[in-house]
2 protein chains.
Amino acid sequence: MSKMVLTVGEILVEIMATTKGDGFLEAQPLIGPFPSGAPAIFIDQLGRLGTPAAIVSRVGDDDFGRVNLTRLAADRVDVSGIEVAKGEATGSAFVRYRTDGSRAFVYNIAHSATGKLSLTPESEALMAQCDHMHVMGTALSAPGLAEVAREAVERITARGGTLSFDPNLRPEILDSPGLREALDEVLARTDIFLPSGEEIYLFTQADDEDAAVQELLDRGVREVVVKRGNQGASHFSRSGRADAAPISVDEVDPTGAGDCFGGAFVSFWLAGASPETALRYANAAGAHAVTKMGPMEGAATRDQLDALLSQAEG
Amino acid sequence: MSKMVLTVGEILVEIMATTKGDGFLEAQPLIGPFPSGAPAIFIDQLGRLGTPAAIVSRVGDDDFGRVNLTRLAADRVDVSGIEVAKGEATGSAFVRYRTDGSRAFVYNIAHSATGKLSLTPESEALMAQCDHMHVMGTALSAPGLAEVAREAVERITARGGTLSFDPNLRPEILDSPGLREALDEVLARTDIFLPSGEEIYLFTQADDEDAAVQELLDRGVREVVVKRGNQGASHFSRSGRADAAPISVDEVDPTGAGDCFGGAFVSFWLAGASPETALRYANAAGAHAVTKMGPMEGAATRDQLDALLSQAEG
């Protein structure tokens with residue numbers, strides 16, 4: 001039987017500005033709603049690759065909830081743990097790129113349906129069923145999500161399940177009360193740690209990468225996978241290091257690339273692939289993701305990844 | 001001194017689909033954020049006509065709040081009663097027209113910043129200062145807004161202030177607990193009642209217009225102004241009836257027209273204009289409003305109304 005993956009966290013719609021500039025201070029052309037939310041993108045990538053996967057989350061009883069439920073179900077994600085909250089609104093994120101590549105956001109998350117998870121019979125059933133848990137730092141940093149996310153970590157690892165962890169954090173929120181402790185607790189049980197770029201230093205005393213990796217391995221993390229955006233990726237474990245070279249693609253929209261990378265890595269890892277193979281496909285999934293407008297639109301099938309790899313390595 | 005008008009109610013941004021169809025089940029072209037919310041549109045129309053005006057409301061500390069604050073202040077509306085709520089999201093309404101002219105919505109109001117008003121020193125100061133209160137039914141029907149709206153009615157009418165009331169209600173919400181009583185209480189004190197089309201029958205036993213008007217006048221309403229969309233408008237009082245003929249314009253977006261109509265009527269009424277004159281300008285304000293995309297974009301200046309009337313009547 002294939003192992004089943006659970007994540008807990010936010011489901012959103014994303015609305016994108018189609019012009020660059022600073023924020024949303026006047027009416028302007030937009031496109032959306034795109035299904036979104038980092039945990040949702042991650043789990044959708046697993047579904048597209050055929051790995052059994054589920055998400056515990058909450059949406060409103062509105063079109064924005066339905067656009068997510070429909071997409072996730074179509075990609076074979078188990079949506080039984082997504083509660084539909086009458087009278088509440090599905091979370092949303094408006095995003096506009098500035099000319100320097102940075103982004104301005106307008107969020108509705110904390111007070112939206114997805115900001116208030118609680119244990120339900122459906123979510124508890126998934127925690128009893130799944131073999132692997134993936135934690136997004138965004139879920140741990142949101143008060144209304146953290147408790148259920150930590151409960152899922154607890155229950156799945158207690159049954160011998162494995163754990164992956166993508167910090168996905170802005171450094172400034174690390175000062176939130178209790179967050180650092182929650183992150184350290186999760187990190188102590190992490191099999192696969194998936195930081196992007198500088199995020200590796202959020203959890204270490206070291207200030208060069210090799211030393212930071214060593215520090216993490218010494219603390220019990222089994223594998224460290226460093227995502228470097230359009231610079232490729234690296235895998236570290238006690239057995240050594242593997243690297244994946246950058247894949248050159250036309251970048252349309254980088255949002256979601258790290259989440260697709262993580263989903264692909266976990267999919268191949270759980271299926272028993274070597275670190276090199278898992279890293280190679282994950283790197284391709286990240287590259288594929290940026291070629292589509294919309295955060296979840298670039299989640300790739302196995303065929304699409306094979307085609308991209310054969311073209312890149314051909 | 002000019003009399004000052006207060007309203008209490010929701011401030012939103014509106015995001016509009018630029019194609020017709022049924023809802024938001026897939027990514028599509030949109031335009032926004034437009035400043036919106038029926039009470040906000042009403043009060044903005046008063047500001048554009050130079051009548052002192054203020055609104056008690058609440059927005060998030062985000063670009064969607066700022067787009068409203070900036071617009072209202074630019075149109076000389078007193079924004080001191082708009083609370084900026086840290087960590088909360090500004091309310092929003094997504095709207096898409098169907099091919100039959102009906103509209104599909106996705107709302108975030110009840111759990112947004114605007115859904116939770118409470119008395120503040122600033123809102124109480126405005127209640128002590130204003131000479132006229134305008135009630136939108138939307139505010140009375142929202143639990144988090146109704147208490148402050150009723151308090152404003154109480155305080156302003158107790159000081160001898162006048163009251164206008166636009167029901168702006170969908171019939172199905174009239175069954176909400178306590179709503180009917182709140183509406184009847186407001187209606188009993190209403191100087192100017194501004195129903196659209198069939199709304200007049202929500203408050204009467206009668207089922208023809210003349211009888212319904214008579215019933216309302218008998219209950220103490222001083223003036224009844226029936227808005228008929230692109231069919232013109234009528235004014236009724238114990239002194240008789242006046243009518244305004246339709247004004248032919250190119251309709252781009254009807255949202256907000258009734259609110260602009262109401263704002264213009266109250267502006268002229270408070271300045272001492274005859275019912276015929278107030279009705280004529282209100283009718284022009286409604287016609288002007290539909291010529292612009294965006295609910296508040298078509299609020300007109302006095303010069304714009306004079307130009308439209310001279311063209312229509314010329």
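None of the values given here were measured: they were computed from a predicted structure. (Residues numbered from 1 in each chain as written. Chains lettered and ligands numbered in written order. Predicted model: local features only at pLDDT ≥ 70, side-chain atom pairs only at ≥ 80, totals over all residues.)

Peer 1: Where do I start with the overall build of chain A in this structure?
Peer 2: Secondary structure assignment for chain A yields 10 helices and 13 strands. Over its C-alpha atoms chain A spans a radius of gyration of 18 Å, differing by no more than 12% from the 20 Å that the globule rule assigns to 314 residues. A principal-axis box enclosing the C-alpha atoms of chain A has dimensions of 50 × 45 × 40 Å. When each of the 314 residues of chain A is scored for burial, the buried share is 54%. (Helix = DSSP H or I, 4+ residues; strand = E, 2+ residues; numbered from the N terminus. Rg over C-alpha atoms; globule rule 2.2 N^0.38 Å. Buried ≥ 20, exposed ≤ 12 C-beta atoms within 10 Å, placed from the backbone.)

Peer 1: Which parts of the structure should I look at to understand the nonpolar core?
Peer 2: Where a protein is soluble and globular, its nonpolar side chains tend to be buried together. In this structure, Leu6(A), Phe265(A), Leu6(B) and Phe265(B) are the most contacted members of the largest nonpolar core, which totals 193 residues. Not counting the four nearest positions on each side in its chain, Phe265(B) is found in contact with Leu194(B), Val225(B), Ala278(B), Leu279(B) and Ala282(B). (Core = buried A, V, L, I, M, F, W, Y, C linked by C-beta atoms within 7 Å. Contact = placed C-beta atoms within 7 Å.)

Peer 1: In this structure, what is going on with unusual backbone geometry? I would like to understand it.
Peer 2: Residues apart from glycine generally show negative phi values, whereas peptide bonds are mostly found in trans. All names here are of chain A. With an omega of 5 degrees, the peptide bond running from Gly32 to Pro33 counts as cis. In this structure, Pro33 sits in strand S3 (residues 28-36). Unusually for a residue other than glycine, Arg76 sits at a positive phi of about 70 degrees. With respect to the helices and strands, the residue Arg76 is situated in the loop between helix H2 (63-74) and strand S5 (82-85).

Peer 1: Honestly, the interface of chain A and chain B in this entry has me stumped. Any pointers?
Peer 2: How big an interface is tends to be expressed through the accessible area that disappears when the partners come together. With 26 residues of chain A at the interface, the matching set in chain B holds 26 residues. Elements with a contribution of two residues or more to the side of chain A that touches chain B: S3, H2 and strand S7 (103-108) of chain A. Sort the elements by how many residues they give to the side of chain A that touches chain B and S3(A) lands first, with 6 residues. In terms of residue class, the side of chain A that touches chain B is made up of 15 nonpolar, 6 polar and 5 charged. Inspection of the sheet shows S3(A) paired to strand S3 (residues 28-36) of chain B by 5 bridges, in the antiparallel sense. The partner of Ile31(A) across the bridge, within S3(B), is Pro29(B). (Nonpolar A, V, L, I, M, F, W, Y, C, P; charged D, E, K, R; others polar. Pairing = 2+ DSSP bridges.)

Peer 1: Sorry if this is basic, but what is going on with the relation of the copies chain A and chain B here?
Peer 2: Least-squares fitting of chain A to chain B yields an RMSD of 0.0 Å, with the superposition described by an axial translation of 0.0 Å and a rotation of 180 degrees. Both copies of the chain, as the preceding transformation shows, are related through a two-fold rotation axis. Identified as the residue of chain A closest to the rotation axis by C-alpha distance is Leu30(A), at 2.4 Å. Most of the interface of chain A is mirrored in chain B, where 100% of its interface residues again form contacts. (Least-squares fit on C-alpha atoms with pLDDT ≥ 70 in both.)

Peer 1: Help me understand the sheet that holds strand S9 (residues 162-166) of chain A in this model?
Peer 2: By way of backbone hydrogen bonds, the strands of a sheet pair with one another, either parallel or antiparallel. All names here are of chain A. Reading across from one edge, S5-S4-S1-S8-S9-S10-S11-S12-S13 is the order of the 9 strands in this open sheet, with mixed pairing throughout. Of all strands in the sheet, those bounded by a partner on one side alone are S5 and strand S13 (240-244). Relative to strand S11 (residues 223-227), strand S10 (residues 192-193) runs parallel, the two sharing 2 bridges. When the bridges of S11 are listed, Ile192 appears paired with Glu223. In the packing of H2 onto the sheet, contacts are made with strand S4 (53-60) and S5, and the angle to S4 comes to roughly 170 degrees. (Axes fitted to C-alpha atoms, helices over the stretch in contact; angles between N-to-C directions.)

Peer 1: Can you walk me through the sheet that holds strand S2 (residues 12-17) of chain A in this structure?
Peer 2: Spatially, 8 strands are ordered S7(A)-S6(A)-S2(A)-S3(A)-S3(B)-S2(B)-S6(B)-S7(B) in an open sheet, and the strand pairing comes out mixed. What marks the edges here is a single partner per strand, and that holds for S7 of chain A together with strand S7 (103-108) of chain B. Adjacent strand axes in the sheet meet at a mean angle of 30 degrees, parallel and antiparallel pairs treated alike. Pairing of strand S2 (residues 12-17) of chain B with strand S6 (residues 91-97) of chain B, which is carried by 5 bridges, proceeds in the parallel orientation. Residue pairing for S6(B): Val13(B) is matched across the bridge by Ser92(B). Of the strands in this sheet, S7 of chain A together with S2, S3 and S6 of chain B are in contact with helix H2 (residues 63-74) of chain B, which crosses S3(B) at around 50 degrees.

Peer 1: Honestly, the packing of helix H1 (residues 38-48) of chain A against H2(A) in this entry has me stumped. Any pointers?
Peer 2: Between two packed helices, both the angle of their axes relative to each other and the distance between the axes serve to describe the pair. All names here are of chain A. The geometry of H1 relative to H2 is characterised by a closest axis approach of 9 Å and an angle of 30 degrees between their N-to-C directions. Compared by their axis directions, H1 and H2 come out roughly parallel. Taken together, the residues of H2 that come into contact with H1 (itself represented by Ala40, Asp44 and Gly47) are Asn68, Arg71 and Leu72. Of the residues assigned to the contact of H1 with H2, the class counts are 2 nonpolar, 2 polar and 2 charged. (Parallel < 35°, antiparallel > 145°, perpendicular 65-115°, else oblique.)

Peer 1: Sorry, what's going on with the environment of Glu83(B) here?
Peer 2: Residues and elements named next belong to chain B. Mapped onto the secondary structure, Glu83 falls in strand S5 (residues 82-85). Among the residues examined, Glu83 registers 19 C-beta atoms within 10 Å and is labelled partly exposed. With 22 residues separating them in the primary sequence, Glu83 and Asp61 have C-alpha atoms 9.4 Å apart. For Glu83, the residues in contact, after removing those within four places along its chain, are Arg58 and Thr120.

Peer 1: Please explain the pairing of S6(B) as it appears in this structure.
Peer 2: On a regular strand, one side chain projects to one face of the sheet and the next to the other, so that they alternate. Residue and element names in this part refer to chain B. Within S6, 6 of the 7 residues are buried, which leaves it mostly tucked inside the rest of the structure. By the bridge criterion, 6 bridges tie S6 to S7 in an arrangement that is antiparallel. Following the sheet pairing, Phe94 is matched in S7 by Val106. Linking S6 to S7, which pair antiparallel, is a turn of 5 residues; within it Gly101 sits at a positive phi near 90 degrees.

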